[in-house]
Structure formats: C-alpha cells, structure tokens
Amino acid sequence: MGTVSSRLPVFPWDRLEPYKTTAAAYADGIVDLSVGTPVDPVPALVRKALTDAADSPGYPTVWGTAALRDAITGWAGERLGATGLDHANVLPVVGSKELVAWLPTQLGLGTGDRVAYPRLAYPTYEVGARLAGAEPVVYDDPWELDPAGLKLLWLNSPSNPTGRVLSTAELRRTVAWAREHGVLLFSDECYIELGWEADPVSVLHPDVCGGSYDGIVAVHSLSKRSNLAGYRAAFLVGDAAVLGELLLIRKHGGMMIPAPVQAATVAALGDTEHVGEQRERYARRRTALREALEAAGFRVEHSEASLYLWATRDESCWDTVADLAKRGVLVAPGDFYGSAGDRFVRVAFTATDERVDEAVRRLAQ
C-alpha cells in the first residue's frame, strides 16, 4: 500500500503544525490566514435549494441533471463569454481538487508522459502527475516548454498562490501553442470571480480560443465564489470529446455529485447578488491586510486577483512564518507552492472581519 504514496511529496500542511501550535498559544487565540477556506455563511437561497432537495433517495447521475447542465452552460455563456455551448461541453465534478489530483490518471497518462504546470503553483498539479506515474514539469512561460511527451498543460489564472492574472494575449498565445503541438490544455479558473486590480479572462472566451473548444477545458468551482467549499461543487467546461471520455470513466468510478448539492449548485449559479456581497466582504479584508502588511515592512507582489496576498520581507519564508506565529498569526510558507516561493508567504483574507481586525492590530505591534 505504500507504493503509490511513496511517489508523492510530504503533505505540506503537516510541516506547519508546530507554528500553528505556537500561534494558538497567543493571548486571544490564533488568527489563521494560512488556508483559504470560506468562513462566511452559505447564501440562504443555496441552503434552501439544498434542503428542498434533501428527499433524494435515488442515485444521482455523474453527468448531473439537465437543470444543472443548463445552469452551467448559461453561467459560462454569461460570465465567461463562452459561445455555442451545449450539454456535451460540461461535466460536473466532486470539487476541483479531486479533478486536479485524478485527471492525469483518468486521461490514461503514465510512464513516459509529461504534465506541465506553473513553477509557482497549487501542489496538487504535481500530485496528480505523480499519482499517474507521469513526469511533472514546471514552467515559467508555457510556450518555452519542450513539447516532446507533453500530454497535459495546466494553466492557472488567477494564480494560487500569487494572484497573478494572465492577459488575453498570453492566454491566446498559449492556446495556439498547445494546439500546434497537440497538447491538451486545462485551465484552472477557480478564482475568476475574484479579480481586484485585473479582470481575469477565461480560455473559453472567443478572443482567446477563437470560438472553438478543441483541446481546451476550463475548471471552475463554487467554493470561493459562493462559500461552498463544504459542498464539493465544481465543474468542467470545454472540449466535448475530452469531457465525453471523462464522463465514461467517471461513470464507472461512481464520481457523482449528491443530488441536493446539484440543486444547490443550480441556485448558486443563477444568482449574482450573493457573489457581489461576498466580494465586498473580501475587498474590505484585503485592503485592511494589505495596508497592515505594507506598514509592517512587507512587499506585496502580484495579488491582483484571488483570495491571497503574496508577500515578502526578503527573508526565508519560514523565518517569516515563525515570526508571525509568535504574534498569533499563521500564514502559509511560499515554498509550499514551489522552491521559487521560498522568500514569500501567502496570506489569505478569508478570516472573519473580527479576526482580520485582530491580525491588523498584531501586525502593527
């Protein structure tokens, strides 16, 4: 049983436990800004949709209800500018992390195949490649990759952890490069609703993909947009041939979203008011934390979107983590996301208003 786990890196968050203990011992408790987990209430209309569908004794389908597929295509058309979508262009998934971790395996990748992702990136891209036995490859600019053996290319805009947003021109160039070399492109766009100093664009926008979804798939989630991390509600939009193959595989694996969650997803995608309200909460917290970090001697880079501030004091990320933990503030070390982040920390602004205010007070000490 240890054969597969031996392929994987050490689970990064385990390394943070001693610092969490230190921060928790601070008077008035820990301010945990390390994990970007939602803390605000699930919107009332979403909870109502969930409970109204609670009497669901039968098995749900992997492809989801027609109402769910309609909601996804409608949202993608309105919010992402995607054109000409039908049900064959969408696939619900059980949270985006599950998809990222198991996609290379479900695509049949293995020894001799290569999976590329940004040098600073969500660790699960690497995990997915290793689970499949494929070779993980990092890049700074994707079009500088050697395409030999490259089967899957991950984009991530807005980026986790840096908050960087790729321009329409960068996206268009990468899509063209991937198509030229026959490389399947998946774009993780889970933070697309959370642009602050930039307006993130999807690979599905006609200005990027030319109105064709051949060879491209976008990954989306309701965890951040609608506070539904606990619901595990996410979906794919893009190349119908790719999604059709994944649907067949996922049927055999029983990878289905519970029926009440499907109903809740329909409600969430059909409402924009709660999205605006949540953005306002995050905007206030972001401004407060950014000003406090800069006043405390930090430099914030990128961070034009997402739920994080990518900050540095030009020292080892672990020195920064240790110093802040002594003040009861826990942040994520940048090297969790690759060695290029070893002098940065990722600061989430998903804590409550009260905890953010407390972090601001402690940073000023």
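What comes next concerns the included structure. (Residues numbered from 1 in each chain as written. Predicted model: local features only at pLDDT ≥ 70, side-chain atom pairs only at ≥ 80, totals over all residues. Heavy atoms only, no water.)

## Details of the side chain of N160
Its place among the elements puts N160 in the loop between β5 (150–156) and α7 (168–181). Side chain to side chain, N160 and R346 meet in a polar contact 2.8 Å long. Apart from residues lying up to four places away in sequence, N160 is in contact with L120, A121, Y122, Y191, Y308, Y337 and R346. (Helix = DSSP H or I, 4+ residues; strand = E, 2+ residues; numbered from the N terminus. Polar contact = N/O pair within 3.5 Å; in protein donor to acceptor, adjacent residues only side chain to side chain. Contact = heavy atoms within 4.5 Å.)

## Regarding the sheet that holds strand β13 (residues 345–348)
Spatially, the 4 strands line up as an open sheet ordered β9-β10-β13-β12, and their pairing is antiparallel. Of all strands in the sheet, those bounded by a partner on one side alone are β9 (299–301) and β12 (332–333). Of the strand pairs in this sheet, β9 and strand β10 (residues 308–312) are connected by 3 bridges, and their pairing is antiparallel. Residue pairing in the sheet places E301 in a bridge with W310 of β10. (Pairing = 2+ DSSP bridges.)

## Brief notes about the nonpolar core
Among the nonpolar cores identified, the biggest contains 66 residues, and L33, W154, F186 and L236 are the most heavily contacted of them. Ranked by residues supplied to this core, first place goes to helix α12 (residues 317–326) with 5 residues. Look past the residues within four positions of L33 in its chain and what remains in contact with it is L289, V329, L330, V331, R346, V347, A348, A351 and A359. Counting 45 residues, the second-largest nonpolar core is a separate cluster that includes W143, L145, V183 and A233. (Core = buried A, V, L, I, M, F, W, Y, C linked by side-chain atoms within 4.5 Å. Buried < 20%, exposed > 50% of the residue type's maximum accessible area, 1.4 Å probe, protein only.)

## Quick look at the pattern of salt bridges
Under the counting rule described, the total for this entry stands at 24 salt bridges. Ionic pairing is found between R299 and D314, a salt bridge with its closest N-O pair at 2.9 Å. Here D314 lies in the loop between β10 and α12 and R299 lies in strand β9, a separation of 15 residues in the sequence. The partly exposed category is assigned to D314, whose relative accessible area is 43%. One salt bridge in this structure joins D323 and R327, with 2.8 Å as the shortest N-O distance. (Salt bridge = Lys/Arg side-chain N within 4 Å of Asp/Glu carboxyl O.)

## With respect to the state of the cysteines
All chains considered together, the criterion is met by 0 disulfides. A disulfide-free cysteine, C190 has its sulfur positioned 18 Å from the sulfur of C209, the nearest such atom. Owing to a relative accessible area of 11%, C190 belongs among the buried residues under this scheme. (Disulfide = S-S within 2.5 Å.)

## Side note on the layout of surface pockets
Of the voids in this model, the largest pocket is the one considered here, and its volume is about 1,100 Å³. Around the largest pocket sit 44 residues that line it, and W13, K97, Y122, P123 and T124 are the ones nearest its centre. Quantified by volume, the second largest pocket comes out at close to 430 Å³. Residue lining of the second largest pocket: 22 residues in total, with P118, L120, D140, T162 and R164 positioned closest to the centre. Class assignment of the residues belonging to the lining of the second largest pocket gives a composition of 11 nonpolar, 5 polar and 6 charged. (1 Å grid on protein atoms, 1.4 Å probe; cavity = no way out; pocket = protein on both sides within 12 Å on 5 of 7 lines; lining within 4 Å. Points joined across faces, edges and corners; volume = space filled by probe spheres on them. Nonpolar A, V, L, I, M, F, W, Y, C, P; charged D, E, K, R; others polar.)

## Here's the deal with empty space enclosed by the protein
Applying the stated rule across the entire model yields 1 cavity of 30 Å³ or more. Reported here for the largest cavity is a volume of approximately 70 Å³. Classifying every residue of the lining of the largest cavity by side-chain character gives 8 nonpolar, 2 polar and 3 charged.

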